[in-house]
Amino acid sequence: MILSVSYQPLDVKPAENLMENNMANFPAFLSKKRQEAGLTQTQLAKAVKLSQPTVLGWEKGEGTPRACKLRNLFRALDLSDEEVLVAIHLLASRSGYRK
């Protein structure tokens, strides 16, 4: 018996559009997505179990979230699969990103 498996490649156009729409860096991406989710910095910090100054620092480009905090961050922002990929790409492209 031969099994046939078909797949559809991921459409990268939505991710490319996100990159082009004034979100070419992680701080801008994070700030925009937080605002779209209707969250204050304090509310997002609470959801990720951090302090508001930490979130403020991320949005100002003064730091980046550690990998262990990304799952809670992405859940709190209710990101789509494409948006998660964009966020990871933006983080990985920052020099000095900490895992």
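The shown structure was predicted, so the numbers you read here are calculated from the model rather than taken from an experiment. (Residues numbered from 1 in each chain as written. Predicted model: local features only at pLDDT ≥ 70, side-chain atom pairs only at ≥ 80, totals over all residues. Heavy atoms only, no water.)

Participant: Before we move on, can you summarise the overall build of the protein chain with the specific residues and values?
Facilitator: Scanning the protein chain for helices and strands turns up 6 helices and 0 strands. In the protein chain, which comprises 99 residues, the share counted as buried stands at 30%. Taking as baseline every contact in the protein chain between residues at least 6 positions apart, the subset at least 24 positions apart corresponds to 67%. As presented, the protein chain carries roughly 6800 Å² of accessible surface, and 51% of it is formed by carbon and sulfur atoms. (Helix = DSSP H or I, 4+ residues; strand = E, 2+ residues; numbered from the N terminus. Buried < 20%, exposed > 50% of the residue type's maximum accessible area, 1.4 Å probe, protein only. Contact = heavy atoms within 4.5 Å. Areas by Shrake-Rupley, 256 points an atom, 1.4 Å probe, with all protein chains shown as cover.)

Participant: Tell me about the side chain of Arg 34, residues and numbers included.
Facilitator: On the secondary structure map, Arg 34 appears in helix 2 (residues 26-36). For Arg 34, a relative accessible area of 9% puts it in the buried group. Not counting residues within four places of it along the chain, the set of residues in contact with Arg 34 comprises Leu 39, Thr 40, Gln 41, Leu 44, Glu 59 and Leu 77.

Participant: Give a detailed account of unusual backbone geometry, specifying residues and quantitative values.
Facilitator: If a residue is not glycine, its phi is most likely negative; likewise, a peptide bond is most likely trans. With phi around 65°, Lys 49 is a residue other than glycine that occupies positive phi space. Relative to the assigned elements, Lys 49 resides in the loop between helix 3 (41-48) and helix 4 (52-60). Owing to a relative accessible area of 66%, Lys 49 belongs among the exposed residues under this scheme. Here Asp 78, not a glycine, exhibits a phi torsion of approximately 55°, which is positive. Looking at the secondary structure, you find Asp 78 in the loop between helix 5 (67-77) and helix 6 (81-93).

Participant: Account for the environment of Leu 50, naming residues and giving values.
Facilitator: Position of Leu 50 relative to the elements: it lies in the loop between helix 3 and helix 4. Sequence-wise, Leu 50 and Lys 69 are 19 residues apart; in three dimensions their C-alpha atoms are separated by 9.1 Å. If we ignore the near neighbours within four places in the chain, the residues touching Leu 50 are Ala 45, Trp 58 and Lys 69.

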